Amino acid sequence: MSLHDDAVRVLKDYAPGADAAQEELRHAYLDHLALHPDGMWKACGTGHLTASALVVDPERGRVLLTLHRKLRMWLQMGGHCEPGDATVAAAALREATEESGIAGLTLLAGGPVVLDRHPIPAPCHWHLDVQYAALAPSGAAERISEESLDLRWFRYDEVAEVADSSVVRLMERTRTALDSGR
């Protein structure tokens, strides 16, 4: 199965419940992939899927955010899919591991937590981000990568003070998934 095929499968299985905005995004992502066989790759000028993961330490009620080198914003770990990624989930886990420096991360079961589409500078126009949550192992020690200016753990109640609404939404959805025993 190709990465493109996996993305279509993941999006068809994604169940946002009663969230109409998430359902609309799910359909937009599927339409994009139907129209663009290259829709997984950075070279797709109209936009492309990306994969990210919020690194969470539920035992201590905190999340790890990266101060993105180019955007200078506190964000979850994530980025572009690569040809070696077998699945969208594998891309998210690879990005989270590379950018956090934490070995032994595991994705929260049940697939993506939320979808987020955001504009990016030309020549491309959109990132269609498939967002997961990654659980940090007990005693995890982070390590800054080349892509980050800083890495920092934030308590759940601190995230809204430092991050934009997309990160806050991802954290809230992650907490709901954790509380439901997902």
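Quick caveat: nothing in here was measured; it's all calculated off a predicted structure.

Conventions used here
Residues numbered from 1 in each chain as written. Predicted model: local features only at pLDDT ≥ 70, side-chain atom pairs only at ≥ 80, totals over all residues. Heavy atoms only, no water. Helix = DSSP H or I, 4+ residues; strand = E, 2+ residues; numbered from the N terminus. Rg over C-alpha atoms; globule rule 2.2 N^0.38 Å. Buried < 20%, exposed > 50% of the residue type's maximum accessible area, 1.4 Å probe, protein only. Contact = heavy atoms within 4.5 Å. Areas by Shrake-Rupley, 256 points an atom, 1.4 Å probe, with all protein chains shown as cover. Lys, Arg positive; Asp, Glu negative; His and termini not counted. Charge placed at Lys NZ, Arg CZ, Asp CG, Glu CD. Polar contact = N/O pair within 3.5 Å; in protein donor to acceptor, adjacent residues only side chain to side chain. Phe/Tyr/Trp six-rings, centres within 6.5 Å; stacked < 30°, edge-to-face > 60°. Lys NZ or Arg CZ within 6 Å of the ring centre and 35° of its normal. 1 Å grid on protein atoms, 1.4 Å probe; cavity = no way out; pocket = protein on both sides within 12 Å on 5 of 7 lines; lining within 4 Å. Points joined across faces, edges and corners; volume = space filled by probe spheres on them. Axes fitted to C-alpha atoms, helices over the stretch in contact; angles between N-to-C directions. Parallel < 35°, antiparallel > 145°, perpendicular 65-115°, else oblique. Left-handed = near helix turned anticlockwise from the far one by under 90°. Nonpolar A, V, L, I, M, F, W, Y, C, P; charged D, E, K, R; others polar. pLDDT = per-residue confidence, 0-100.

(A) Layout of the overall build of the protein. If you tally the helices and strands in the protein, you get 5 helices and 8 strands. The helix and strand sequence of the protein, counted from the amino end, reads α-α-β-β-β-β-α-β-β-β-β-α-α. Taken over C-alpha atoms, the radius of gyration comes to 15 Å for the protein, in line with the 16 Å a tight globule of 182 residues would show. Projected onto the principal axes, the alpha-carbon positions of the protein cover approximately 45 × 35 × 30 Å. Expressed as a percentage of its 182 residues, the buried residues of the protein come to 48%. Intrachain contacts of the protein at a sequence separation of at least 6 include 67% that bridge at least 24 residues. Carbon together with sulfur atoms contributes 54% to the accessible area of the protein, which is approximately 8,900 Å² in total. Charge centroids of the protein, computed over 18 positive and 27 negative side chains, lie 2 Å from each other.

(B) Inspection of the environment of glutamine 76 at higher detail. Tracing the backbone through its elements, the reader meets glutamine 76 in the loop between strand 3 (74-75) and strand 4 (77-80). Given the relative accessible area of 11%, glutamine 76 is considered buried. Separated by 57 residues in sequence, glutamine 76 and alanine 133 have C-alpha atoms that sit 9.3 Å apart. In terms of polar contacts, glutamine 76 uses its side chain to reach the side chain of serine 52, at 3.1 Å.

(C) A look at the packing of aromatic side chains. In the structure shown here, the tally under the stated rule is 1 aromatic pair. A centroid spacing of 5.0 Å and a plane angle of 75° characterise the contact between tryptophan 74 and phenylalanine 154, whose relative ring orientation is edge-to-face. With tryptophan 74 in strand 3 and phenylalanine 154 in strand 8 (residues 148-155), this pair connects stretches of sequence that are 80 residues apart. Across this residue pair, the class does not change: tryptophan 74 and phenylalanine 154 are buried. Of note, arginine 117 hangs over the ring of tryptophan 126, and the distance from its end group to the ring centre comes to 5.4 Å.

(D) Expanded view of the layout of surface pockets. Estimated volume of the largest pocket: approximately 940 Å³. Lining the largest pocket we find 31 residues, and of these His68, Leu71, His80, Ile120 and His127 sit closest to its centre. Mapped onto the lining of the largest pocket, the elements with two or more residues apiece are strand 1 (48-57), strand 2 (62-68), strand 4, helix 3 (88-100), strand 6 (114-119) and strand 7 (126-135). Sorting elements by how many residues they give to the lining of the largest pocket places strand 4 first, with 4 residues.

(E) Expanded view of the packing of helix 1 (residues 3-13) against helix 2 (residues 20-35). The contact between helix 1 and helix 2 brings their axes to 10 Å, and the two run at 155°. In terms of axis orientation, helix 1 runs roughly antiparallel to helix 2. Relative to helix 2, helix 1 is oriented so that their crossing is left-handed. Residues His4, Ala7, Val8, Leu11 and Lys12 of helix 1 pack against Arg26, Tyr29, Leu30 and Leu33 of helix 2. A class-by-class count of the residues in the contact of helix 1 with helix 2 yields 6 nonpolar, 1 polar and 2 charged.

(F) Summary view of the confidence of the model for the protein. Per-residue pLDDT for the protein has a mean of 93; in total, 100% of the residues score no lower than 70. Element-level pLDDT for the protein is lowest in strand 6, with a mean of 92, against a maximum mean of 98 in strand 5 (residues 106-107).

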